Amino acid sequence: MSVHQLVLDSAVRDWVFIPLTLAIVLMKLLTQYMHQLFSAPPPSNKELKEVREMQAVTRAGRLRAMGRFIPETSYKMRKDYFAGEKGLFSQKPMTRSPQEAMATDPTVMVDMMKKNLTGMVPQLAMGMVVNFFFQGFVIGKVPFPLSPRFKPMLQRGIDLASLDVSYFTSLSYYILLLFGLRGAFSLVFREDVVDETEMMKRQMNPMGAAGPMGVDMESMFKQEKAALNAVDHEWEMESAEERAVDVMRRAIKAKKL
Amino acid sequence: MEGELEEVERQLRGAKGVPSAESLIRYLRLMRDLHIRDSPTVARYGNILLRHYRSHLSEEELWTVHEQVAIAALDSHALPFAASVVRAINRRFPDSVRAKRLQGMYFEAAGDYGRAEDVYRDILVGDNTNETALKRLVALQRSQGDTPAAIDAMKKYLDVFSNDKDAWEELADMYLEVLNYRQAAFCMEELLMLSPHNSSFYVRYADILYTIGGPTNYKTARSYYSKAIELTMGGSLRALFGVLACCAHITEKVSLQDARSRAQIELPEVTTQALLRIYKQHAPDKLPFVEPILAKLAGQSERP
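Quick caveat: nothing in here was measured; it's all calculated off a predicted structure.

## Notes on the overall build of chain A
Then comes step 1: Helix and strand content of chain A: 11 helices and 2 strands.
Then comes step 2: Secondary structure of chain A in N-to-C order comes out as α-α-α-α-α-β-α-β-α-α-α-α-α.
Then comes step 3: In chain A, buried positions account for 35% of the 257 residues.
Then comes step 4: Counting only contacts in chain A whose residues sit at least 6 apart along the sequence, the fraction spanning at least 24 positions is 70%.
Then comes step 5: As displayed, chain A offers around 16,400 Å² of accessible surface, 63% of which is attributable to carbon and sulfur atoms.

Right, dumping it as structure tokens:
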């Protein structure tokens, strides 16, 4: 098995190996530029009102946790501002939930279409082209022996039991380059190299990607309002004088003052 | 990290001729990380670094350093140098908001407030949630001395970004400038909630309450001064004097009932003791001046 050596036609090199490599590199370049073109405007879809509501929720949370450090009247004033009859949390929030945004805002859909267009479509087209033109060639040999388990990985498109595993076919080479070129590309393009694996992940799990941007502000408002109403104000300074006297007494005794 | 900074500074000062690229880079990096404002030095070393060792910096750090040096140069009013750096940044990142902001800051430093405002408004048209541009607008009014306008701009900013500690602090200062103590107290309350362990906020809040005056406010102020004393282990003289001043104004008698009222009665006495001890130890020559003041304050609080 290890004795025979395959002699590959030099035409295979000229008409398969080189064109295939070139085609893949060019396609990668194209997707890269398309990606940069489409994603040029940064996602500044956040409205001032939405930021305000987000920050207000944080501030209300702080009021709940740290309210004991301010006097009761001040606390009540703030509580009323947030959770009162006409308070901020009694109004309908401006922030729309992600489902609503999807339904009313066409740009969200368009964005997704664009992502698909730049990501998956060229890849599928390229796969078809490669399948059509370059199928069934043995184009090289890895310089080390491999176990037979690598056969489906390295010899895609050729089903020959007698062929040594270290030979690889054009189709496998294509797949290898498709994912392996990212590292080389990241040397040239500093930022945002199109990452196929990342893109795949996103497509597998669309909810994960939508998580951070979509918040259901209405329920957050309700929660925060209920929480504020549930908490009673306790003034931390109620016994401050006692503690101050204690501290000073102790310091005087210990001759620290 | 501070120790490291000192070491690098020593290296830089000891260097003959042009200091080495490494120590310059390290110095600027430390200054960035530690948020230390020593603009003239940063501008000087940054100038050397950018002139002699551009190639020693990676692409990312090169432009971070550019930004840092530009701001330092503006801060130390080295306008021609700042202009060249800002221009370089704008040439490299023509559409960047951060570059535009630097442009605006340059106009501000040059005293061309109208153009600076145009730049910031232009940024806000593109992205109306840009925090820094909103804040620059406040600074713009403040540096022109128009405190009421600055207050309005700050209110607009804080209405959205209500978790910004520095902004609340600045607003409190501005309210104090226009003698609006109630609003200043409101800002201090926000600050108290933002960092309840900072004793200076307690003292300042109590100061404001004391200034507003009135029986309830004196009592509240006394509580906050007491809290500051607790936090500083009696080390804050301002808080100690504050307690005494408040006690002098609180005339209402408390009967010995519980621990709290006992503490309120004992408070002036113990505070006076603490103050006397501190003066005896650290500034004995000032004792003759302090003693009569303390006696006067004590006399006031004992008066029915």
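## Concerning the overall build of chain B
Then comes step 1: When you go through chain B residue by residue, the secondary structure sums to 16 helices and 0 strands.
Then comes step 2: Structurally, chain B occupies a C-alpha span of about 75 × 50 × 30 Å along its principal axes.
Then comes step 3: A buried classification covers 47% of the 304 residues belonging to chain B.
Then comes step 4: A fraction of 49% describes how many contacts in chain B between residues 6 or more apart in sequence connect residues 24 or more apart.
Then comes step 5: When the accessible surface of chain B is summed, it comes to about 15,300 Å², and 50% of that surface belongs to carbon and sulfur atoms.
Then comes step 6: The averaged location of the 41 negative side-chain charges in chain B is 3 Å from the averaged location of its 38 positive side-chain charges.

## Here we look at the side chain of E67 of chain B
Then comes step 1: Relative to the helices and strands, E67 of chain B resides in helix α4 (residues 59-75).
Then comes step 2: Look past the residues within four positions of E67 of chain B in its chain and what remains in contact with it is I89, R98, R101 and L102 of chain B.

## Quick word on the packing of aromatic side chains
Then comes step 1: This model, assessed by the stated rule, comprises 17 aromatic pairs over all chains.
Then comes step 2: Three or more aromatic residues link up through ring pairs in this structure, and these residues are Y81, F82, F89 and F221 of chain A.
Then comes step 3: Sitting over the face of the ring of F93 of chain B, R92 of chain B holds its NZ or CZ atom 4.6 Å from the ring centroid.

## What about the UniProt feature "domain: EMC2 TPR-like" (unreviewed entry) in chain B?
Then comes step 1: Residues given the UniProt feature "domain: EMC2 TPR-like" (unreviewed entry) here are residues 100-208 of chain B.
Then comes step 2: For the annotated span residues 100-208 of chain B, helix accounts for 81% and strand for 0% of the residues, and the straight-line distance between the end C-alpha atoms is 39 Å.

## Notes on a nonpolar patch on the surface
Then comes step 1: On the surface, a cluster of nonpolar side chains totalling about 350 Å² of accessible area is made up of F17, I18, L22 and L26 of chain A.
Then comes step 2: Structurally, I18 of chain A is set in helix α1 (residues 10-38).

## Topic: the packing of helix α13 (residues 215-232) of chain B against helix α14 (residues 237-249) of chain B
Residue and element names in this part refer to chain B.
Then comes step 1: Contact geometry for α13 and α14: axes closest at 9 Å, N-to-C directions at 155°. When the interaxial angle is binned, α13 and α14 end up roughly antiparallel. Pair α13 / α14 crosses with left-handed handedness. Contact with α13, carried on its side by Y218, A221, R222, Y225, S226, A228 and I229, involves R238, A239, L240, G242, V243, C246, C247 and H249 of α14 and no other residues of that element.
Then comes step 2: Counted by class, the contact of α13 with α14 contains 10 nonpolar, 3 polar and 2 charged residues.

## Notes on the domain arrangement of chain B
All names here are of chain B.
Then comes step 1: You can read the domains of chain B as domain 1 (1-93) and domain 2 (95-161).
Then comes step 2: The interface is formed by 11 residues belonging to domain 1 together with 12 residues belonging to domain 2.
Then comes step 3: Where domain 1 abuts domain 2, roughly 1,000 Å² becomes buried across the two surfaces, and 67% of that area is made up of carbon and sulfur atoms.
Then comes step 4: Here E67 ties to R101 by a salt bridge, and the two come within 3.3 Å at their closest N and O atoms.
Then comes step 5: Summed over the shared surface of domain 1 and domain 2, the number is 5 residue pairs in polar contact (both at pLDDT 80 or more).
Then comes step 6: If you list the elements that add at least two residues to the side of domain 1 that touches domain 2, you get α4 and α5 (79-92).
Then comes step 7: The element contributing the most residues to the side of domain 1 that touches domain 2 is α5, with 5 residues.
Then comes step 8: For the side of domain 1 that touches domain 2, the residue count by class is 8 nonpolar, 2 polar and 1 charged.

## Quick word on the interface of chain B and chain A
Then comes step 1: Taken together, the contact pairs 44 residues of chain B with 36 residues of chain A.
Then comes step 2: Taken over both partners, the interface formed by chain B and chain A buries close to 3,900 Å², and the fraction arising from carbon and sulfur atoms is 60%.
Then comes step 3: Our count for the contact surface shared by chain B and chain A stands at 9 salt bridges.
Then comes step 4: Between the two partners, chain B and chain A, sit 15 residue pairs in polar contact (both at pLDDT 80 or more).
Then comes step 5: Residue assignment for the side of chain B that touches chain A shows that the elements contributing at least two residues are α4, α9 (147-160), α11 (181-194), α12 (199-212), α13 and α15 (259-282) of chain B.

## A word on the environment of G126 of chain B
Then comes step 1: Mapped onto the elements, G126 of chain B comes out in helix α7 (residues 113-126).
Then comes step 2: Separated by 120 residues in sequence, G126 of chain B and E6 of chain B place their C-alpha atoms 43 Å apart.

## Observations regarding the layout of surface pockets
All names here are of chain B.
Then comes step 1: Quantified by volume, the second largest pocket comes out at close to 1,400 Å³.
Then comes step 2: Where the lining of the second largest pocket is concerned, the elements lending two or more residues are α2 (21-34), α3 (39-52), α4, α6 (97-109), α8 (131-143) and α10 (165-177).
Then comes step 3: In the lining of the second largest pocket, the residues fall into 13 nonpolar, 6 polar and 12 charged.
Then comes step 4: If you count residues domain by domain, the lining of the second largest pocket takes at least three from each of domain 1 (1-93) and domain 2 (95-161).

Criteria and thresholds
- Residues numbered from 1 in each chain as written.
- Chains lettered and ligands numbered in written order.
- Predicted model: local features only at pLDDT ≥ 70, side-chain atom pairs only at ≥ 80, totals over all residues.
- Heavy atoms only, no water.
- Helix = DSSP H or I, 4+ residues; strand = E, 2+ residues; numbered from the N terminus.
- Buried < 20%, exposed > 50% of the residue type's maximum accessible area, 1.4 Å probe, protein only.
- Contact = heavy atoms within 4.5 Å.
- Areas by Shrake-Rupley, 256 points an atom, 1.4 Å probe, with all protein chains shown as cover.
- Lys, Arg positive; Asp, Glu negative; His and termini not counted.
- Charge placed at Lys NZ, Arg CZ, Asp CG, Glu CD.
- Phe/Tyr/Trp six-rings, centres within 6.5 Å; stacked < 30°, edge-to-face > 60°.
- Lys NZ or Arg CZ within 6 Å of the ring centre and 35° of its normal.
- UniProt positions renumbered as here; feature names shortened; annotations may be inferred.
- Patch = residues over 30% accessible without salt bridge, like charges linked within 9 Å, V, L, I, M, F, W, Y side chains within 5 Å.
- Salt bridge = Lys/Arg side-chain N within 4 Å of Asp/Glu carboxyl O.
- Axes fitted to C-alpha atoms, helices over the stretch in contact; angles between N-to-C directions.
- Parallel < 35°, antiparallel > 145°, perpendicular 65-115°, else oblique.
- Left-handed = near helix turned anticlockwise from the far one by under 90°.
- Nonpolar A, V, L, I, M, F, W, Y, C, P; charged D, E, K, R; others polar.
- Domains from an automatic or database assignment.
- Buried area = accessible area lost by both parts, 1.4 Å probe.
- Polar contact = N/O pair within 3.5 Å; in protein donor to acceptor, adjacent residues only side chain to side chain.
- 1 Å grid on protein atoms, 1.4 Å probe; cavity = no way out; pocket = protein on both sides within 12 Å on 5 of 7 lines; lining within 4 Å.
- Points joined across faces, edges and corners; volume = space filled by probe spheres on them.

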